[in-house]
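# Understanding the architecture of this molecule
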Amino acid sequence: MSDDTEPDGGPVVDEATERVDGSTDDLLERILARDDLVVVGFVLSLFVFPYLLVNLLTQIGEAIGFSIGGYVGLPTLVLIFGIVVIGFNLLLGYTGLLSFGHAAFFGVSAYAAGIFTAEATAFLPTAVAHSPLAMVGVGTFAALVIAWPIGFVSIRRSGVYFAVLTLTFGQMLYYYALGPGAWLTNGDNGFSDVNVGHLLGTFELEEAILGADFLRAYTWQYVFVAVAAVFALWMANRIINSPYGLIFKALGQNEQRVSFVGLDVFRYKHMAFIISAGFAGAGGALFAIHETYIHPTTSLYWITSGDFVIMTILGGTGSLVGPVLGALIFEYVSNVISGVSLPVIGAIGSLWRFVLGAVFVVIVWVFPKGVYGGVRDVVVALTGRGDDDGGEEA
Amino acid sequence: MSLLSQAVTILLNGLQQGAVFALLGIGLTIILGTMEFLNLAHGALYLIGAYAGLLVFKEAALTNGLLYNSGIQQVGLGAGFLAALVLVPIIGFVVGALMERFVAEPFYDRAETDQLLVTFGLALIIEELVKQVIGGNTFQSIPPETLLGVQASGPIGLPIVGSFPRWRLYIVLIAGVVILATYFVIERTDFGLVVQAGTRDSEMVRLLGIPIDRSYTLVFAMGAALAAFAGLIGASFQTISPQIGMERALVPAFLTIVVGGAGSVVGAIAGGMVLGVVVAAFQQTYSQWAFIVMYLLVALVLVFRPQGIFGSVEVGE
């Protein structure tokens, strides 16, 4: 069954034997191997995610004496970066291009969305100019527009040269926003004139959808971002499982063969780059909505690009939701664990980046498939593989 | 200021900044060329060099960090700048050798992306380690008062330019000597010949029966020593903080070798000087545009002359 959609899902032999077994264990593996079921699982988990992250962890934290609970905005932030890295993974995990300049699309979109809310009231009704939907539209469009020329130039080189080229374009935009472009971006003081209106003219984004305390993390903003994240994942799934997306994967595996088949390698890589930038753009606009403040260092600087790389690798390339898991770990550790204070060492504080670096090295070294891939392997090893070993010995 | 004196000032400032870029670039390029290994922790070696220089040269007053919290308010040897000039490259050499043995070596046969990622993680670890132990605050630059009994601080009168900071002139001289020495080691010694051949075709060198693997550690350590030395030079005229490795060293080092041509020592020197002079020229005239123009220049070189100004091969393509 999964042979049609995901040939790399696992050894074919395993699945054949398991199909005969028909046990519940192999159902689990089949679910993990099927991308569209992963999307369904993602949607379901979004319903409980804020409760688990904010309420439950806070309660556990109170019980054991550490403040490990997330704050109300955290689930939203995780999903915003989740959207970015879903797109980043299309490029790195499937097409095999490592970009160190995706902050450019993230940041340009954030600025475009913010400046739009500040300036568009001159020629549009306020309800439209401050609409979150319009912000995302404008931001994503801006990201796509600059991704076209940047991709057009960068794709001509590969490997390190591609990474350095994307980095140079990102850095040019960063220094522009910081210095000469200050008339537009307010430079180093940051752009704070972001006016976020009500969603669809009715829903205040900062408000919880219901008054109950156990639902306090379910704000309209979360609902908005969650819908966007589902849409992003669904679209990535559609792309990857389409004939077009198949060529992306083929490019990641062997570029030369793709060109031998007679396909225009440049065009497909360029398209993958632009699509991936669109995801970063959507995330950037949502980031502007979430923060209502944009600074060149949090949006355009190359360290932000590096963060996208870390999240993607941490979660796991080559699987659709893996990078979202990476975004969750990254944001959780940087926003929550960094505030935890331990009895002997004291406040963890900035130590979090050290821990992150160490975890990152271990993951690249030992689990090239990331946390998601690692967990998946463990699950398979505990269930399916165990049965198979027995079968082989007999 | 006349046009000529302005041009000469730009050239001197450019050479001084370019010398740091060149030192970084040579280190990165010999590692990249010989082992085809991409070291994103190169900036971290610069960072180690800067802090090692600070601690050997002076007794630094701490304000936070692990050492401060455990009651140590002053740390450092206070052994003078000459000692730093000698010790810092040695420290860099040792760190580089260890790095090659334990981090780089297992990754020689793995994908380029894996090399980038693991060294990126290592760079994060080293940066955080420095921040945790010595503190995240910014230290002032450490220009020496005297060196070998010669006054090194204050202005010096030069023809055409007029008054110029004496230490900045000395930086050009000291870095120039080190760059020349490296150039001679690479160009005129047997060891250099092996390294050079290795950058062209390491497999062929191995087939000729030369144990190039043994040279790997030495090359890596040498590159690291140069990066650490660049860190010391950089620290003598710029502030020192844990971020400098990523911000002032890693990216410029890559830009330098990309402009000069990867795998070429002469290219790294030329690339460093070109970038240094361009940045200096714009810093003096349109300072806001200096870095934008620097990155633009690199992008143009990559697009129109991907092998770099002096390079003949494209690494990793």
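Just above sits the structure.
The structure reproduced in this document is the subject of the present report. (Residues numbered from 1 in each chain as written. Chains lettered and ligands numbered in written order. Predicted model: local features only at pLDDT ≥ 70, side-chain atom pairs only at ≥ 80, totals over all residues. Heavy atoms only, no water.)

Attention now moves to the overall build of chain A. The helix and strand tally for chain A stands at 19 helices and two strands. When burial is assessed residue by residue, chain A has 54% of its 394 residues classed as buried. Within chain A, contacts between residues at least 6 apart in sequence are counted, and of these 73% link residues at least 24 apart. Roughly 16,500 Å² of accessible area belongs to chain A as shown, and the carbon and sulfur atoms make up 66% of that amount. (Helix = DSSP H or I, 4+ residues; strand = E, 2+ residues; numbered from the N terminus. Buried < 20%, exposed > 50% of the residue type's maximum accessible area, 1.4 Å probe, protein only. Contact = heavy atoms within 4.5 Å. Areas by Shrake-Rupley, 256 points an atom, 1.4 Å probe, with all protein chains shown as cover.)

Positive phi values are uncommon outside glycine, yet threonine 292 of chain A reaches one of about 50°. Relative to the elements of secondary structure, threonine 292 of chain A occurs in the loop between α14 (265-291) and α15 (296-299).

Residue and element names in this part refer to chain A. Position of alanine 272 among the secondary structure elements: in helix α14. When its relative accessible area of 2% is taken as the criterion, alanine 272 is described as buried. Separated by 182 residues in the primary sequence, alanine 272 and leucine 90 place their C-alpha atoms 7.1 Å from one another. Those residues in contact with alanine 272 that sit more than four places away from it in its chain are Leu91, Thr95 and Phe248.

Now for the packing of aromatic side chains. In this description, a pair of aromatic rings is defined by centroid distance and the angle of the planes. Per the counting criterion, the structure on display carries 31 aromatic pairs over all chains. Residues phenylalanine 81 of chain A and phenylalanine 106 of chain A carry aromatic rings whose centres are separated by 5.7 Å and whose planes lie at 25° to one another, so their mutual orientation is stacked. You can see phenylalanine 81 of chain A sitting in helix α5 (residues 74-95) and its partner phenylalanine 106 of chain A sitting in helix α6 (residues 103-119), a full 25 residues away along the chain. The interplanar angle of 80° and the centroid separation of 6.4 Å between the aromatic rings of phenylalanine 360 of chain A and phenylalanine 120 of chain B together place this pair among those described as edge-to-face. With phenylalanine 360 of chain A in helix α18 (residues 351-366) and phenylalanine 120 of chain B in helix α5 (residues 112-134), the pair connects residues from two separate chains. An aromatic cluster is built from Phe100, Tyr174, Tyr175, Tyr301, Trp302 and Phe360 of chain A together with Phe120, Phe291 and Tyr295 of chain B, whose rings are joined through pairwise contacts. The positively charged end of arginine 156 of chain A is found above the aromatic ring belonging to phenylalanine 152 of chain A, 4.5 Å away from the centroid. Sitting above the plane of the tyrosine 268 of chain A ring, arginine 267 of chain A keeps its charged end 5.2 Å from the centroid. (Phe/Tyr/Trp six-rings, centres within 6.5 Å; stacked < 30°, edge-to-face > 60°. Lys NZ or Arg CZ within 6 Å of the ring centre and 35° of its normal.)

All names here are of chain B. Taken as a whole, this structure holds three salt bridges over all chains when the rule is applied. A salt bridge links arginine 101 to glutamate 100, with the shortest nitrogen-to-oxygen separation between them at 3.4 Å. Of the residues examined, arginine 101 reaches a relative accessible area of 41% and is grouped as partly exposed. A residue is classified by how much of its surface remains accessible, and glutamate 100, at 1% relative accessible area, is buried. Here lysine 131 ties to glutamate 128 by a salt bridge, and the two come within 3.5 Å at their closest N and O atoms. Taken together, the residues lysine 131 and glutamate 128, both in helix α5 and three residues apart, mark about one turn of the helix. Taking relative accessible area as the criterion, glutamate 128 reaches 1% and is therefore assigned buried. (Salt bridge = Lys/Arg side-chain N within 4 Å of Asp/Glu carboxyl O.)

This next bit is on the interface of chain A and chain B. Taken residue by residue, the interface counts 38 residues in chain A and 46 residues in chain B. Both faces considered, chain A and chain B share a buried interface measuring about 3,700 Å² in area, 77% of it formed by carbon and sulfur atoms. Counting across the interface, chain A meets chain B through zero salt bridges. If you look at where chain A meets chain B, you find five residue pairs in polar contact (both at pLDDT 80 or more). Among the secondary structure elements, those contributing two or more residues to the side of chain A that touches chain B are α9 (159-178), α16 (302-315) and α18 of chain A. When residues in the side of chain A that touches chain B are grouped by element, the largest group, 12 residues, is from α9 of chain A. Across the side of chain A that touches chain B, the residue classes tally to 27 nonpolar, eight polar and three charged. (Buried area = accessible area lost by both parts, 1.4 Å probe. Polar contact = N/O pair within 3.5 Å; in protein donor to acceptor, adjacent residues only side chain to side chain. Nonpolar A, V, L, I, M, F, W, Y, C, P; charged D, E, K, R; others polar.)

Residues and elements named next belong to chain B. A contiguous nonpolar surface patch, about 880 Å² in accessible area, is contributed by Leu77, Val86, Leu87, Ile90, Ile91, Phe93, Val94, Leu98, Phe102 and Leu218. Counting residues per element, the nonpolar patch draws most heavily on helix α4 (residues 81-104), which supplies eight residues. Along the chain, isoleucine 91 turns up in helix α4. (Patch = residues over 30% accessible without salt bridge, like charges linked within 9 Å, V, L, I, M, F, W, Y side chains within 5 Å.)

Our focus in this paragraph is helix α11 (residues 220-240) of chain A. Its 21 residues place the ends of α11 of chain A 30 Å apart at the C-alpha level, agreeing with the 30 Å of an ideal helix rising 1.5 Å per residue. For α11 of chain A, the full list of buried residues reads Gln221, Tyr222, Phe224, Val225, Ala226, Ala229, Ala232, Leu233, Ala236, Asn237, Ile239 and Ile240 of chain A. (Expected span 1.5 Å × (residues − 1).)

So, about the nonpolar core. Of all hydrophobic cores here, the largest spans 220 residues; its most connected members are Leu79, Phe100, Phe105 and Trp302 of chain A together with Ile240 of chain B. If we skip the residues at most four places from it in the chain, phenylalanine 105 of chain A touches Ala143, Ile146, Ala147, Ile150, Phe273, Ala277, Ala280 and Gly281 of chain A. Counting residues in each nonpolar core, the second largest holds five residues, with Leu12, Val161, Phe164 and Leu169 of chain B among its members. (Core = buried A, V, L, I, M, F, W, Y, C linked by side-chain atoms within 4.5 Å.)

Now for the packing of helix α2 (residues 42-57) of chain B against helix α8 (residues 212-235) of chain B. Any two packed helices are characterised by how steeply their axes cross, that is the angle between the axes, and by the distance between the axes. All names here are of chain B. Closest axis-to-axis distance for the α2/α8 pair is 7 Å, and the angle between their directions is 55°. Between α2 and α8, the interaxial angle falls into the category oblique. In this structure, α2 meets α8 at a crossing whose hand is right-handed. Residues His42, Leu45, Tyr46, Gly49, Ala50 and Gly53 of α2 lie in contact with α8, whose contacting residues are Gly223, Ala224, Ala227, Ala228, Ala230, Gly231, Leu232, Gly234 and Ala235. (Axes fitted to C-alpha atoms, helices over the stretch in contact; angles between N-to-C directions. Parallel < 35°, antiparallel > 145°, perpendicular 65-115°, else oblique. Left-handed = near helix turned anticlockwise from the far one by under 90°.)

Another point: the pairing of strand β5 (residues 155-158) of chain B. Residues and elements named next belong to chain B. In the sheet, β5 pairs with strand β6 (residues 162-165) via four bridges, with the strands oriented antiparallel. Bridge pairing links proline 155 to proline 165 in β6. Two successive antiparallel strands, β5 and β6, enclose a turn made up of three residues, where isoleucine 160 displays a positive phi of approximately 70°. (Pairing = 2+ DSSP bridges.)

Residue and element names in this part refer to chain A. The topology assignment puts alanine 120 in the loop between α6 and α7 (126-129). Sequence-wise, alanine 120 and threonine 95 are 25 residues apart; in three dimensions their C-alpha atoms are separated by 37 Å. Apart from the residues lying within four places of it in its own chain, the contact partners of alanine 120 are Ile115 and Ala129.

This brings us to the side chain of threonine 304 of chain A. Within the fold, threonine 304 of chain A resides in helix α16. Those residues in contact with threonine 304 of chain A that sit more than four places away from it in its chain are Ala103, Phe106, Thr297, Thr298 and Ser299 of chain A.

What is shown is where atoms sit, not what they do.
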